[in-house]
Amino acid sequence: MALDKGDKNKSNIYVPELAVINKIQRISPTEKIFNIAFDNKEKQDNFYFNPGQFIELTVFGLGEAPFSITSSPDNRDFFQLCIRDVGNVSGALHRMKEGSKVGIRGPFGNGHFPYDKIRGHNVLLIAGGLGIAPLMSLIKYIINHREDYKKMMIIYGAVNPESVLFKSDIQYFDDRSDVSTCVTVDNPDDKWTGEIGVCTKLIPRVDFPVEDTYVVVCGPPVMYKYVIMELEEKKYPPDKIFLSLERRMECGVGKCNHCRIGDKLVCVDGPVFSLWEIKNLKEAV
Amino acid sequence: MLYKIMSINAYKDFVKSLIYNYEFIGPKKKDNAIHDFVQIKDISELDTNYTRTTIPPAKKILFPPSEELVTYDVGKTIKVKPVIKSGKKVLFGINAWDINGMNFLDKFFTTDFVDENYMAKRKNLIVIGMDTEPTETNFSPSMGSDYATEGFDLYLTELEDSYFIRVATAEGNKILNKYSEVSNASAVDFSDYKRYMDEYRKKFKLDVNIKDFYNNFELIYNDDEFWKRIAKDCYSCGSCNLVCPTCFCFNVKDDIKLNLKSGSKSREWDSCMIPGYGVVAGGHNFRPDKENRLKQRYRCKLKTFFDKFGRYACVGCGRCIEACLAKINIAEDINSINKEVSI
């Protein structure tokens, strides 16, 4: 009972930090981008994350869900989440207005996109659907520090033209001479002038040398299998291929066990893994 | 460790004092077959002579089925407050394998970071162990958990006309001296104790070969047909998780009160065997097949934490074997995996 006083001052890791949604932009029929900043300025100033890390966002009274951060770590005043209206929490977020409060825990995940390892090498970025959202954090970081990297190519596949996300960003990348961008859609409309079909079919065209290239992939589970087949066909080594895995996560800190694959936990060992790490892990991809 | 002797009469007074002075949790007969650990108000309710409990006693107290973690007021301003409950309790009559199950949870909830909700309760829990009769599904000797060497404050072993007490902590020693009269164990007491333990160990009938399993499990891990066969009767009900002293999976959920002015975040037990365990928003299920769920459970119990902590996340209590409606038997499966691969 001598302990009680100490315990009263204790907190736990489930307490979210208050934050405000400063800006909401709709970028497709199902996706919106939320700019979020912590109420506590000191907390915001000390909020550092790596591309590929995620946060747990609480809609008070409703629930909590994990979301990858989509903005660049260089962006210090706020961070961005690109969220699809698909579940309980994301649905509630889509109904929220600018100025609404949410709770944030994180950033979580020790495995992030290897922006540090890639320095001085070529980088091939492959995104499928909403997979562009986590990857965008890395892409923007690389663009900001473009001189640190060699050749850069983005392959992005979406279902149809209206579900292509980050259109203006992609237009900007496309306009740059030091980035090659390939966007492909499964179901084009009359105005579509880009590629047609799944993103895997663009991989054979990549001519980056195998020994000097990192590949970073983010997309839905079904995409990974085929992308990996294509990359292996081109002999890209598995320790230079990185994938971000999605799983159910309740705690974010390796305790609730929902994201366990074999002996690994996606929330603490990932969410980004090298293909080498997960190659023999059943269920991973 | 100190070794003390308490007379049978002193024992009764000791228990009465603890019941009077503490929130005292002990085994109480529920029906003919089952005991339940509940708060005991009078010594007549206490029945330490039990064989079966459904919900593991330590887990029930330290990691309850549902537990509030955070409360908040919603409205114009949102105020968030952590909830950490503690309070001194005595857990009396817990047996060796359940203490070892608790030791696993202790390790789990203090590794990587300290889980304050668990620790606040754990620090305030006085654990007094006692031997109980094993069920026929108990294979704790194979798992090295039929004997507890840590995790308790006092461990009482009933000899013919006295109790042999192992005193593991200063707090245990303090309450022993405060509420009872004990003497140091003599050489005769030690040999009585040894004789008792030799007899006690003979009561465990079920044996599994867990050492060979370590490598054999990897060899059979990708044999889908084998896992389908093992899991074919599984109802995916999660009973095995509910009764397990080491299962720790949980959900974190938010609730709002009917007045819409305050809400809370709490965690509640989840089960890795139920079909929705791996479902994410949008409906994709990352582990839809029951054989993969069972395989993952076995991996978690018998491999993952052996690699991480050097101890199994299974103490061999046999509860899951008794609870399983489909008669899936982890002990049998360990042995049949060994047989299957080592042809």
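This is a predicted model, so every value here is computed, not measured. (Residues numbered from 1 in each chain as written. Chains lettered and ligands numbered in written order. Predicted model: local features only at pLDDT ≥ 70, side-chain atom pairs only at ≥ 80, totals over all residues.)

(A) Up close: the overall build of chain A. Each helix and strand in chain A was counted, giving nine helices and 15 strands. Over its C-alpha trace chain A gives a radius of gyration of 19 Å, about what one expects of a compact globule, namely 19 Å for 285 residues. Principal-axis analysis of the C-alpha atoms gives chain A an extent of 70 × 40 × 35 Å. Among the 285 residues that make up chain A, the fraction classed as buried is 48%. Counted over contacts in chain A with a minimum sequence separation of 6, partners at least 24 positions apart contribute 70%. (Helix = DSSP H or I, 4+ residues; strand = E, 2+ residues; numbered from the N terminus. Rg over C-alpha atoms; globule rule 2.2 N^0.38 Å. Buried ≥ 20, exposed ≤ 12 C-beta atoms within 10 Å, placed from the backbone. Contact = placed C-beta atoms within 7 Å.)

(B) Fine view of the nonpolar core. Membership of the largest hydrophobic core comes to 169 residues, with the highest contact counts inside it found for Leu125, Val216 and Val217 of chain A together with Leu91 and Ile165 of chain B. If we skip the residues at most four places from it in the chain, valine 217 of chain A touches Ile126, Tyr224, Val227, Ile241, Phe242 and Leu243 of chain A. (Core = buried A, V, L, I, M, F, W, Y, C linked by C-beta atoms within 7 Å.)

(C) Fine view of the confidence of the model for chain A. Residues of chain A with pLDDT of at least 70 account for 97%, and the chain-wide mean is 93. Here residues 1-5 of chain A scores under 50 on pLDDT; set against residues more than four positions off or in separate chains, the count is four contacts. (pLDDT = per-residue confidence, 0-100.)

(D) Region of interest: the domain arrangement of chain A. Residues and elements named next belong to chain A. By domain assignment, chain A separates into domain 1 (12-108) and domain 2 (115-278). Contacts between the two partners involve 22 residues from domain 1 and, on the opposite side, 21 residues from domain 2. Listed by contribution, the elements that provide at least two residues to the side of domain 1 that touches domain 2 are strand S3 (54-59), strand S4 (63-68), strand S5 (79-84) and strand S6 (101-108). Looking at the side of domain 1 that touches domain 2 element by element, the count peaks at three residues for S6. (Domains from an automatic or database assignment.)

(E) Just the packing of helix H8 (residues 224-231) of chain B against helix H10 (residues 290-309) of chain B, in detail. All names here are of chain B. With their axes 8 Å apart at the nearest point, H8 and H10 run at an angle of 90 degrees to one another. By the angle class used here, H8 and H10 are roughly perpendicular. For the pair H8 and H10, contact is made by Trp227, Lys228, Ile230 and Ala231 and by Lys290, Glu291, Leu294 and Lys295, respectively. Of the residues in the contact of H8 with H10, the class split is four nonpolar, no polar and four charged. (Axes fitted to C-alpha atoms, helices over the stretch in contact; angles between N-to-C directions. Parallel < 35°, antiparallel > 145°, perpendicular 65-115°, else oblique. Nonpolar A, V, L, I, M, F, W, Y, C, P; charged D, E, K, R; others polar.)

(F) Structural context of the interface of chain A and chain B. In this complex, chain A contributes 41 residues to the contact, which on the side of chain B involves 44 residues. When residues in the side of chain A that touches chain B are grouped by element, the largest group, three residues, is from S4 of chain A. Taken together, the residues of the side of chain A that touches chain B sort by class into 15 nonpolar, twelve polar and 14 charged.

(G) The arrangement of the confidence of the model for chain B in detail. Looking at chain B as a whole, its pLDDT mean stands at 94, while 99% of the residues score no less than 70. Interface scoring of the predicted complex returns ipTM 0.90; its pTM is 0.94.

(H) Highlighting the sheet that holds strand S12 (residues 241-244) of chain A. All names here are of chain A. Judged by pairing direction, the sheet is mixed, and its seven strands sit side by side in the order S10-S9-S8-S7-S11-S12-S15 without closing on themselves. Looking at which strands have only one partner, the edges of the open sheet turn out to be strand S10 (195-196) and strand S15 (272-274). Across the face of the sheet, helix H5 (residues 132-144) comes into contact with strand S7 (122-128), strand S8 (152-158), strand S11 (213-218) and S12 while running at roughly 155 degrees to S7. Relative to S11, helix H7 (residues 221-233) is tilted by about 165 degrees, and along the sheet it contacts S7, S11 and S12. (Pairing = 2+ DSSP bridges.)

(I) Just the packing of helix H7 (residues 210-220) of chain B against helix H12 (residues 330-341) of chain B, in detail. Residues and elements named next belong to chain B. Where H7 meets H12, the axes come as close as 9 Å, and the angle between the chain directions of the two elements is 65 degrees. In the packing of H7 onto H12, the handedness of the crossing is left-handed. Each of Ile210, Asp212, Phe213, Asn216, Phe217, Leu219 and Ile220 in H7 lies in contact with H12, whose residues at this interface are Ile334, Ile337, Asn338, Glu340 and Val341. Split into classes, the residues belonging to the contact of H7 with H12 amount to eight nonpolar, two polar and two charged. (Left-handed = near helix turned anticlockwise from the far one by under 90°.)

(J) Inspection of the environment of lysine 107 of chain B at higher detail. Take lysine 107 of chain B: it is sitting in helix H3 (residues 96-110). Considering only alpha carbons, one finds lysine 107 of chain B and arginine 311 of chain B, 204 residues apart in sequence, at a separation of 9.8 Å.

(K) Quick look at unusual backbone geometry. Residues and elements named next belong to chain A. With an omega of 5 degrees, the peptide bond running from glycine 106 to proline 107 counts as cis. In this fold, proline 107 is placed in strand S6. With an omega of 5 degrees, the peptide bond between glycine 270 and proline 271 qualifies as cis. Positionally, proline 271 belongs in the loop between helix H8 (266-269) and S15.

(L) Up close: the environment of glycine 151 of chain B. Residues and elements named next belong to chain B. Here glycine 151 is to be found in the loop between strand S7 (125-130) and strand S8 (154-158). In this structure glycine 151 comes out as buried when scored by C-beta crowding, with 24 C-beta atoms within 10 Å. Between the C-alpha atom of glycine 151 and that of phenylalanine 226, which follows or precedes it by 75 residues, the distance is 38 Å.

(M) Quick peek at the domain arrangement of chain B. All names here are of chain B. By domain assignment, chain B separates into domain 1 (2-201) and domain 2 (210-341). For domain 1 and domain 2, the distance between their C-alpha centres works out to 26 Å. Contacts between domain 1 and domain 2 engage 33 residues on the former and 26 residues on the latter. For the side of domain 1 that touches domain 2, the secondary-structure elements that each account for two or more residues are helix H2 (57-62), strand S4 (66-73) and H3. A breakdown of the residues in the side of domain 1 that touches domain 2 according to their chemical character gives 15 nonpolar, twelve polar and six charged.

(N) A look at the sheet that holds strand S12 (residues 262-269) of chain B. Residues and elements named next belong to chain B. Strand order across the open sheet formed by four strands is S5-S4-S12-S11, with antiparallel pairing between neighbours. Each edge of the open sheet is held by one strand with a lone partner, namely strand S5 (79-82) and strand S11 (250-256). Along the sheet, successive strands turn relative to each other by an average axial angle of 25 degrees, direction set aside. Pairing geometry for S4 and S12, over seven bridges, is antiparallel. The residue of S12 that forms the bridge with glutamate 67 is arginine 267.

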